Amino acid sequence: MELQEKVAVPIFTEVEKEVFLRDIYPQRRPAVLRGVSLGPCLEKWTVEYLGQNGGDKEVKIHVSTVPQMDFLHKNFAYKTLPFNEFVKRASEKKHSDFFLCEDESYYLRSLGEDVRKEPADLSKQFPVLAEDFHIPQFFTADQFFSSVFRISSCGLQLWTHYDVMDNLLAQVTGTKRVVLYSPQDALHLYLSGDKSEVVDIDSPDLKRFPDFVKAKRYECVLEPGDLLFIPALWFHNTVALQFGVGVNVFWRHLPADSYDRKDPYGNKDPVAATRALQALERALHTLDELPADYRDFYGRRMIQRIQKRTYCDSVTLPTSQFTKPG
Ligand SMILES: O=C(O)CCC(=O)C(=O)O
Ligand SMILES: [Fe+2]
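Looking up the protein chain in an unreviewed UniProt entry gives the name tRNA wybutosine-synthesizing protein 5, with the organism given as Sparus aurata. Regarding the protein chain, the relevant UniProt record gives this comment under Pathway (unreviewed entry): "tRNA modification; wybutosine-tRNA(Phe) biosynthesis."

*Asks:* Can you tell me about the overall build of the protein chain, naming the residues and giving the values?
*Replies:* When its secondary structure is counted, the protein chain shows eight helices and 16 strands. For 326 residues, the compact-globule formula gives about 20 Å, and the C-alpha radius of gyration of the protein chain, at 22 Å, lands near that figure. Counting across all 326 residues of the protein chain, residues that qualify as buried make up 44%. Here the analysis covers contacts within the protein chain between residues at least 6 apart in sequence; of these, 75% occur between residues at least 24 apart. Within the structure as shown, the protein chain displays about 17800 Å² of accessible surface, and the carbon and sulfur contribution to it stands at 53%.

*Asks:* Can you explain the site of ligand 1? Please cite residues and give values.
*Replies:* Residues in close proximity to ligand 1 include Tyr107, Arg150, Leu158, His161, Asp163, Asn167, Leu169, Lys176, His236, Thr238, Asn248 and Phe250, which together make up its full environment. Residue His161 places a side-chain N or O atom 3.0 Å away from an oxygen atom belonging to ligand 1. Within the contact set of ligand 1, an oxygen atom lies 3.0 Å away from a side-chain nitrogen or oxygen of Asp163. Mapped onto the shell around ligand 1, the elements with two or more residues apiece are β8 (157-161), β9 (166-173), β15 (235-240) and β16 (244-251). Considered class by class, the residues forming the shell around ligand 1 number four nonpolar, five polar and three charged.

*Asks:* Please provide a residue-by-residue account of the pattern of salt bridges, values included.
*Replies:* The full count for this structure, using the stated rule, is 16 salt bridges. Put simply, Arg22 and Asp23 hold a salt bridge, and the shortest N to O gap is 2.9 Å. You can call Asp23 partly exposed: its relative accessible area is 36%. A salt bridge links Asp166 to Arg28; its shortest N-O distance comes to 2.6 Å.

*Asks:* Any details on a nonpolar patch on the surface? Residues and values, ideally.
*Replies:* Judged by side-chain polarity, Leu277, Leu280, Leu284 and Ile306 come together as a nonpolar surface patch covering roughly 320 Å² of accessible area. For the nonpolar patch, the element with the most residues is helix α7 (residues 271-287), which contributes three residues. Tracing the chain through its elements places Ile306 in helix α8 (residues 292-310). Of the residues examined, Ile306 reaches a relative accessible area of 41% and is grouped as partly exposed.

Cut-offs and rules
- Residues numbered from 1 in each chain as written.
- Chains lettered and ligands numbered in written order.
- Predicted model: local features only at pLDDT ≥ 70, side-chain atom pairs only at ≥ 80, totals over all residues.
- Heavy atoms only, no water.
- UniProt positions renumbered as here; feature names shortened; annotations may be inferred.
- Helix = DSSP H or I, 4+ residues; strand = E, 2+ residues; numbered from the N terminus.
- Rg over C-alpha atoms; globule rule 2.2 N^0.38 Å.
- Buried < 20%, exposed > 50% of the residue type's maximum accessible area, 1.4 Å probe, protein only.
- Contact = heavy atoms within 4.5 Å.
- Areas by Shrake-Rupley, 256 points an atom, 1.4 Å probe, with all protein chains shown as cover.
- Near = heavy atom within 4 Å.
- Polar contact = N/O pair within 3.5 Å; in protein donor to acceptor, adjacent residues only side chain to side chain.
- Nonpolar A, V, L, I, M, F, W, Y, C, P; charged D, E, K, R; others polar.
- Salt bridge = Lys/Arg side-chain N within 4 Å of Asp/Glu carboxyl O.
- Patch = residues over 30% accessible without salt bridge, like charges linked within 9 Å, V, L, I, M, F, W, Y side chains within 5 Å.

Here you go:
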């Protein structure tokens, strides 16, 4: 893995809204924001306090025998626990009550009231705790999409994936390592939907995934109080270095009608992207009417045309698509 380029995510301190909107947000690159006020949660959110004030409302959790959750081999199970019992278990390494084994790992990604329709909102599902967490006002109220509890056992690793909303991931307690990859490296990540098939990013199987080394690795370690700006489409993989409680806030970067209306998770592709992908499927079907050597010829030319029209680094002038060569 020596060939993979590594970069530290830049850290900005005490960033105010104006600075974020002027210097950081338009770059559309990940950034750690340190020293932004998140409210009393930083002092208050002990295991005991969370249990008392989060209540015994049932939550759906991921439980896994090993800390590295693997979506390909589904080495985890979905279980349900009262929130206070879940927090207690996630904070301990060995459990007297367990589902799979005594050292199982836990992960909570909180959900909306109507799981299939409503995005998660801390102020609705955990109104008392929500008062302790102040969402940074870096976007307007109508852009808000969801606020999500992210609570992990020590060591828990969440697979590499992308989301379609802009995201501020707040680390409230514990520390977390986050590795990110640019959307421009998507082809080096061996995607299956929104997830990378390269499950072990620290010692990847390079026989199966030879191009993975070409993906530039962005890395940071979040401390309590840190916010990580994860722009939409940036891939991220997290490891809880300690038991940790976080909240992430998703908000809309594009006009509201660009997004799929039935997407409580914020990970369905924008409607125009979905339509374009469907049109591509139809185009490929049409090419099937031709013999293989013709398909090859037209397929190569289609790829080049897509590259010229869509890649940021090949589109020079906004009007270039309309100007005919002389
Ligand atoms: O819990 C985690 O560390 C993952 C967070 C995440 O995927 C997100 O905020 O979109
Ligand atoms: Fe995510």
